[in-house]
Amino acid sequence: MSSKYKAVEVAEVGKLNLVERIVPEPGAGQVRIRVEACGICHSDAATVYGRLPGITFPRVPGHEVVGRIDALGAGVSDWKIGQRVGVGFLGGHCGHCQSCRRGDFVNCSNQPISGGHFDGGYAEVMLAFPNGLVSVPDGLTSVEAAPLLCAGLTTYNALRKSSALPGDLVAVQGIGGLGHLGVQYAAKMGFRVVAIARGAEKAALAKKLGAHHYIDTNIDNAAAALQKLGGAKIIIATASDSKSMSGLIGGLRPRGKLIVLGAGTDPIPVSPLELLFGSRSIEGALTGSSIDNEDTLAFSLLQNIRAVIETFPLEKAPEAFAKMMKNEARYRIVLTMQ
């Protein structure tokens, strides 16, 4: 086995470069993974452009990683060499902060971000922490599993932990990298699904993915259209457009909730009256824990839910990342290793 491996790193803000590195030995409490596939996610921009607090360079992005363990550090148990595993956005909780002591691992105060606080999956090799690992079922290929570890988990977890019940009206704003998975999960969970997007061209895809209704915001007022359907119990906002999110609040039924998944930076304008009258609310949802990720993969396999994927070899990661940032990905991009 070669003593070197290829990686695509950010050495200076905004630039991705293909480099060759020495294969590292895992330290105590680490595993080494031979990467087979890694999804490209919009959140990778926080690494590439240096926006993540605490980030240092050089850094290898990537947090939708699937590969096989090829070395175990001291003290690692319950994981085996040759086992296929995944690594998501949350790299592993500390286990001793207040959130962890209450079982809220997602909000761990010392949570390392994969591909941000430590090197991620735009590489043939990466090191990871055992409590951040996800067991990947045999029924999913590594390419299929990769985008489910972030885009899939984010939408699946938000829906299953919401107050919506089968038969309730649930809307998915945005039919992109997150939304096209959200529609599938919502339909398979038994909700009455409304897909909301700009333009008529995504209507056929939304219906194919399982949506019962489609709202084209170029033509219709989304809030009014939702109220004609009875009002949404839950709206998951996957497109990071704060103004569009604001316009959806009026489409919630009494005690309905807007769940924000799209990571925009602009404030969401909201009238207190829209929240007070009807007891409506807004909340955010951040991916999930490693066991949540295993649930996501299991449900996706059971219900035959898959991302629409295009693949690029690792060497073309800069080109693939640029395509994603220009919103030209249809709908998830996955890097593959030779």
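Attention here is on the structure that accompanies the text. Bear in mind the structure is a predicted one, so any value in this text is a computation, not a measurement. (Residues numbered from 1 in each chain as written. Predicted model: local features only at pLDDT ≥ 70, side-chain atom pairs only at ≥ 80, totals over all residues. Heavy atoms only, no water.)

### Side note on the overall build of the protein chain
Next up, step 1: Scanning the protein chain for helices and strands turns up 10 helices and 15 strands.
Next up, step 2: Taking 2.2 N^0.38 as the reference for a compact globule, 338 residues should give roughly 20 Å; the C-alpha atoms of the protein chain span a radius of gyration of 20 Å, in line with that estimate.
Next up, step 3: By element, 51% of the accessible surface of the protein chain is carried by carbon and sulfur atoms, the whole surface being about 14500 Å².
Next up, step 4: Seen as two clouds, the 34 positive and the 29 negative side-chain charges of the protein chain have centres 5 Å apart. (Helix = DSSP H or I, 4+ residues; strand = E, 2+ residues; numbered from the N terminus. Rg over C-alpha atoms; globule rule 2.2 N^0.38 Å. Areas by Shrake-Rupley, 256 points an atom, 1.4 Å probe, with all protein chains shown as cover. Lys, Arg positive; Asp, Glu negative; His and termini not counted. Charge placed at Lys NZ, Arg CZ, Asp CG, Glu CD.)

### Brief notes about helix α10 (residues 317-325)
Next up, step 1: Buried residues of α10: Ala317, Ala320, Phe321 and Met324, and no others. The arc that holds the buried residues of α10, viewed along the axis, is 100°, so those residues lie on one side.
Next up, step 2: Of the surrounding elements, those touching the buried residues of α10 are β1 (4-12), β2 (15-22), β3 (31-40), α1 (45-48), β14 (309-313) and β15 (332-336).
Next up, step 3: One or two steps after α10, the chain reaches Asn327, where phi turns positive at roughly 60°. (Buried < 20%, exposed > 50% of the residue type's maximum accessible area, 1.4 Å probe, protein only. Arc of directions from axis to C-beta. Contact = heavy atoms within 4.5 Å.)

### Thoughts on the nonpolar core
Next up, step 1: In terms of nonpolar packing, the biggest core is built from 40 residues, with Leu159, Val183, Tyr185, Phe191 and Leu297 touching the most fellow members.
Next up, step 2: Breaking this core down by element, the ones donating at least two residues are α3 (142-160), β8 (169-173), α4 (179-188), β9 (192-197), α5 (203-209), β11 (232-237) and α9 (290-303).
Next up, step 3: Among the elements that make up this core, the one with the highest residue count is α3 (8 residues).
Next up, step 4: Of all hydrophobic cores here, the second largest spans 37 residues; its members include Ala7, Val8, Val65 and Ala123. (Core = buried A, V, L, I, M, F, W, Y, C linked by side-chain atoms within 4.5 Å.)

### A short note on the environment of Gly27
Next up, step 1: Within the element layout of this structure, Gly27 appears in the loop between β2 and β3.
Next up, step 2: Since its relative accessible area comes to 28%, Gly27 is described here as partly exposed.
Next up, step 3: Residues Gly27 and Leu275, spaced 248 residues apart in sequence, show a C-alpha to C-alpha distance of 50 Å.
Next up, step 4: When residues no more than four places from it in sequence are discounted, the contact partners of Gly27 are Gly73 and Ala74.

### Thoughts on the pattern of salt bridges
Next up, step 1: One pass over the full model with this rule turns up 17 salt bridges.
Next up, step 2: Of the charged contacts, one joins Arg34 and Asp70 as a salt bridge, the two residues approaching to 2.9 Å between their closest N and O atoms. Residue Arg34 is located in strand β3, and its partner Asp70 is located in strand β4 (residues 64-72); the two are separated by 36 residues in the primary sequence.
Next up, step 3: Among the residues examined, Arg34 registers a relative accessible area of 21% and is labelled partly exposed.
Next up, step 4: By relative accessible area, Asp70 is classed as buried at 17%.
Next up, step 5: A salt bridge links Arg59 to Asp119; its shortest N-O distance comes to 2.9 Å. Taken together, the residues span a long stretch of sequence, with Arg59 in the loop between α1 and β4 and Asp119 in the loop between α2 (98-101) and β6 (125-128) at a distance of 60 residues.
Next up, step 6: With relative accessibility at 23%, the residue Asp119 sits in the partly exposed group. (Salt bridge = Lys/Arg side-chain N within 4 Å of Asp/Glu carboxyl O.)

### Remarks on the pairing of β1
Next up, step 1: Sheet topology places β1 next to β2; 8 bridges connect them, and they run antiparallel. From the neighbouring strand, Glu12 faces β2, where its bridge partner is Lys15.
Next up, step 2: Taking the residues that link successive antiparallel strands as the turn, the β1-β2 hairpin has 2 residues, and the phi of Gly14 there is positive, at about 90°. (Pairing = 2+ DSSP bridges.)

### As for the pairing of β9
Next up, step 1: Here β9 lies mainly inside the structure; 5 of its 6 residues are buried.
Next up, step 2: Pairing of β8 with β9 involves 5 bridges; the strand directions are parallel. Bridging from a neighbouring strand, Leu169 pairs with Arg192 of β9.
Next up, step 3: Where β9 meets strand β10 (residues 213-216), 4 bridges bridge the pair, whose relative direction is parallel. Among the inter-strand pairings, Val194 is bridged to a residue of β10, identified as His213.
Next up, step 4: Since β9 and β10 lie parallel, the crossover through α5 that links them has a hand, and here it is right-handed. (Right-handed = clockwise from strand over helix to strand, strands pointing away.)

### Observations concerning the sheet that holds strand β13 (residues 281-284)
Next up, step 1: Here we have 6 strands laid out as an open sheet, ordered β10-β9-β8-β11-β12-β13, and parallel in their pairing. The open sheet has two free edges, formed respectively by β10 and β13, since each of these has just one partner strand. Sheet twist, expressed as the average angle between the axes of neighbouring strands with direction ignored, equals 20°. (Axes fitted to C-alpha atoms, helices over the stretch in contact; angles between N-to-C directions.)

Remember that the coordinates give geometry; whether it matters functionally is a separate question.
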